[in-house]
Amino acid sequence: MTIETINRLESEVRGYVRNFPCVFTHASGARMIDEDGREYIDFFAGAGVMNYGHNHPDLKRALLDYLAEDRIVHSLDMATAAKARFLERFEEVILKPRGLDYRVQFPGPTGTNAVEAALKLARKVTGRERVISFTNAFHGMTLGSLAVTGNSFKRAGAGVPLSNVSMVPFDSYLDEGKDQSLAFLEAMLADEGSGMDKPAAAIIETVQAEGGVNVARTEWLKELAAVLKRHDVLLIVDDIQVGCGRTGPFFSFEPAGIKPDIVCLSKSLSGFGLPLAVTLMRPELDVWSPGEHNGTFRGHNPAFVTATAALEFWVDDHMKTETERKAAKITGRLQALIRKIPVRAELRGRGLIQGIEFADSELAGECSAEAFKHGLIIETAGVDDQVLKLLPPLMIPDADLDAGLEIIEKVVQTVAASKTSDRKVA
Ligand SMILES: Cc1ncc(COP(=O)(O)O)c(C=O)c1O
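Because the structure is a prediction, the values reported are computed rather than measured.

Participant: An account of the overall build of the protein is requested, with residue identities and associated values reported.
Facilitator: Looking only at helices and strands, one finds 14 helices and 17 strands in the protein. Along the first, second and third principal axes, the C-alpha atoms of the protein reach 65 × 60 × 45 Å. Looking at the protein residue by residue over its 426 residues, the buried ones come to 53%. Taking the contacts inside the protein whose residues are at least 6 apart along the sequence as the reference set, 73% of them involve residues at least 24 apart. For the protein, the accessible surface area stands at approximately 18700 Å², while carbon and sulfur atoms represent 53% of it. Between the centroid of the 48 positive side chains of the protein and the centroid of its 59 negative side chains there is a distance of 1 Å.

Participant: Could you give an account of empty space enclosed by the protein, naming the residues involved and the relevant values?
Facilitator: What the rule picks out here adds up to two cavities of 30 Å³ or more. Within this model, the largest cavity holds a volume of roughly 40 Å³. What lines the largest cavity is simply Y52, C244, F250, S268, L269, A307, A310, L311 and W314. The residue makeup of the lining of the largest cavity, split by class, is eight nonpolar, one polar and no charged. Looking at the second largest cavity, its volume works out to about 30 Å³. Lining the second largest cavity we find V73, H74, L76, T296, F297, R298, G299, H300 and N301. Partitioning the lining of the second largest cavity into residue classes produces three nonpolar, five polar and one charged.

Participant: Describe in detail the site of the ligand, supporting the description with residues and values.
Facilitator: Close contacts around the ligand come from T110, G111, T112, F138, H139, G140, E205, D238, I240, Q241 and K267, and that covers them all. Between the ligand and the protein, one listed contact pairs an oxygen atom with a backbone N or O atom of G111 at 2.8 Å. One of the backbone N or O atoms of T112 is found 2.8 Å from an oxygen atom in the ligand. Taken by itself the ligand offers 390 Å² of open surface, and the protein chains cover 82% of this.

Participant: Summarise the sheet that holds strand β13 (residues 345–350); cite the residues concerned and give the values.
Facilitator: Strand order in the open sheet formed by four strands is β13-β14-β17-β16, with antiparallel pairing between adjacent strands. Each edge of the sheet is formed by a strand with only one pairing partner; in this case those strands are β13 and β16 (379–381). The average angle at which neighbouring strand axes cross in this sheet is 30°, direction not considered. Across six bridges, the pairing between β13 and strand β14 (residues 353–358) is antiparallel. When the bridges of β14 are listed, R350 appears paired with I353.

Participant: Give me the pairing of strand β10 (residues 234–238): which residues, what numbers.
Facilitator: Counting buried positions along β10 gives five out of five residues, so the element sits mostly inside the fold. Here β10 shows two buried faces, one formed by L234, I236 and D238 and the other by L235 and V237. Two elements, strand β7 (residues 201–204) and β10, share four bridges in a ladder whose sense is parallel. Bridge assignment links A202 to a residue of β10, and that residue is L235. Looking at chain direction, β10 and strand β11 (residues 262–265) are connected through three bridges and run parallel. Paired with V237 across the bridge in β11 is V263.

Participant: Describe in detail helix α11 (residues 301–311), supporting the description with residues and values.
Facilitator: The element α11 is largely enclosed, with a buried count of 11 among its 11 residues. Summarising the contacts, the buried residues of α11 are in contact with α4 (57–68) and α5 (81–95).

Participant: Any chance you could break down the environment of G159 for me, citing the residues and the numbers?
Facilitator: Within the element layout of this structure, G159 appears in the loop between α8 (152–156) and β6 (165–168). Taking the C-alpha atoms as reference, G159 lies 28 Å from Y173; in sequence the two are 14 residues apart.

Participant: Can you explain the sheet that holds strand β3 (residues 39–42)? Please cite residues and give values.
Facilitator: The four strands lie next to each other as β1-β2-β3-β15, forming an open sheet whose pairing is mixed. Looking along the sheet, the strands with just one partner apiece sit at the ends: β1 (24–28) and β15 (376–377). Judged from the three bridges that link them, strand β2 (residues 31–34) and β3 form a sheet pairing that is antiparallel. Note that in β3 the partner of R31 across the bridge is I41.

Participant: Please give an account of the pairing of β14 that cites residues and values.
Facilitator: With respect to burial, β14 is a largely interior element, five of its six residues being buried. Counting the residues between successive antiparallel strands, the hairpin from β13 to β14 contains two residues, one of them, G351, with a positive phi of roughly 60°.

Participant: Lay out the pattern of salt bridges with the relevant residues and their values.
Facilitator: By the definition in use, this model includes 34 salt bridges. For R348, the salt bridge goes to E346, with nearest N and O atoms at 3.3 Å. Each of E322, R325, K329, R333, D398, D402 and E409 takes part in one network of salt bridges that share partners.

Participant: Can you break down the environment of L76 residue by residue, with the values?
Facilitator: By secondary structure assignment, the location of L76 is in the loop between α4 and α5. Residues L76 and A117, spaced 41 residues apart in sequence, show a C-alpha to C-alpha distance of 17 Å. For L76, the residues in contact, after removing those within four places along its chain, are G295, T296, R298 and G299.

Participant: Tell me about unusual backbone geometry, and please be specific about residues and values.
Facilitator: Phi angles above zero are rare outside glycine, and C244 is one such case at about 50°. Relative to the helices and strands, C244 resides in the loop between β10 and β11. Phi at K267 takes a positive value of approximately 35°, unusual for a residue other than glycine. A relative accessible area of 23% places K267 in the partly exposed class.

Participant: A description of the packing of aromatic side chains should follow, citing residues and the corresponding values.
Facilitator: Counted according to the given criterion, the structure contains 17 aromatic pairs. With 6.4 Å between their ring centres and 70° between their planes, F90 and F250 make a pair best called edge-to-face. Of the two residues, F90 sits in helix α5 while F250 sits in the loop between β10 and β11, which places them 160 residues apart along the sequence. What makes F250 buried here is its relative accessible area of 2%.

Parameters and conventions
- Residues numbered from 1 in each chain as written.
- Predicted model: local features only at pLDDT ≥ 70, side-chain atom pairs only at ≥ 80, totals over all residues.
- Heavy atoms only, no water.
- Helix = DSSP H or I, 4+ residues; strand = E, 2+ residues; numbered from the N terminus.
- Buried < 20%, exposed > 50% of the residue type's maximum accessible area, 1.4 Å probe, protein only.
- Contact = heavy atoms within 4.5 Å.
- Areas by Shrake-Rupley, 256 points an atom, 1.4 Å probe, with all protein chains shown as cover.
- Lys, Arg positive; Asp, Glu negative; His and termini not counted.
- Charge placed at Lys NZ, Arg CZ, Asp CG, Glu CD.
- 1 Å grid on protein atoms, 1.4 Å probe; cavity = no way out; pocket = protein on both sides within 12 Å on 5 of 7 lines; lining within 4 Å.
- Points joined across faces, edges and corners; volume = space filled by probe spheres on them.
- Nonpolar A, V, L, I, M, F, W, Y, C, P; charged D, E, K, R; others polar.
- Near = heavy atom within 4 Å.
- Polar contact = N/O pair within 3.5 Å; in protein donor to acceptor, adjacent residues only side chain to side chain.
- Pairing = 2+ DSSP bridges.
- Axes fitted to C-alpha atoms, helices over the stretch in contact; angles between N-to-C directions.
- Salt bridge = Lys/Arg side-chain N within 4 Å of Asp/Glu carboxyl O.
- Phe/Tyr/Trp six-rings, centres within 6.5 Å; stacked < 30°, edge-to-face > 60°.

See the structure below:
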């Protein structure tokens, strides 16, 4: 009866519990288990937190060993062996092989902390206030991050004006065939009469996850980086949801061959669901004064331990190639499904973030609810919740991936058929 306790005592603001109304007690790999022992296949992965699956044994072992030895848990931003080890391995395994040179800031444990730090730093470095963001962006719930977020419902929650931001069209927002978004942005930046104050930075998700699985094309990202460079505007990539391997490579921007000035990571960084976030910056941009941006939970040692263990998954190409293999399977199955259904729908995504956008926005929510009844956890995305969003753990076993896809195929066909028969009746 614990769900009643939650409904009685937890604030009305609670969200996911309404879509997935059961009490979870255990989880392992790509499966979550509720208090009645019912198993669910997880195509949600904690909104991108569980890339390596729930309770990965290597990470759990590292954490249990650390705790068993009475090692330090909390230390604000004092030096600890766990932090030093994480930084060392992050440099060796992630930064150096990619030719990236970044200083690492621990801004507080959540994604929005990393975004706030990035925005503050860009403003401090350049002495400019304005930041460019993109239609349908999502960067978090604190005021700075909300200001660069598109969703009007979330923005309204701020209760104060959200300022010093110019929203411009994301890739293919206006006209998919002949996208003019970057020509528009460059004209705005170049023209003294455009009315756009010279910005400090532009912040972008290479795949807008919450915004509806909108993918920026590689060429578009390359050109965006070039436009910003020509106008001396910093590029911030928010890789909080689609970094840590979600699209295949560790950083989602790698295929575009760009080197952002600032990068935000969180969600799957600790690999184990423990809160951890970083803001990475080119060394020349590291103009912070000591303690100018701080927070009590900046560098949670258990999270460093599991994050360091998770970096071992990246010492070779296996994660990337496996993600790409599974992604190709999903794409093929969903394309075939879309061809079969009698409603308008479109597939989008990159790597293991893919979505079916329905022209009739209600369908995505109905499919998610129906999938839950069949034992699959899958959420919706987009401003009207019009996209059924697949976000399985990268390490999902093939059997679970296939079983989850079968549920999707079944419920999408059933829900789509019920819509067309409704229409015939009406
Ligand atoms: C791209 C992106 N940025 C920032 C955030 C905010 O992260 P958090 O909820 O940990 O503050 C999210 C969360 O979904 C996100 O997807």
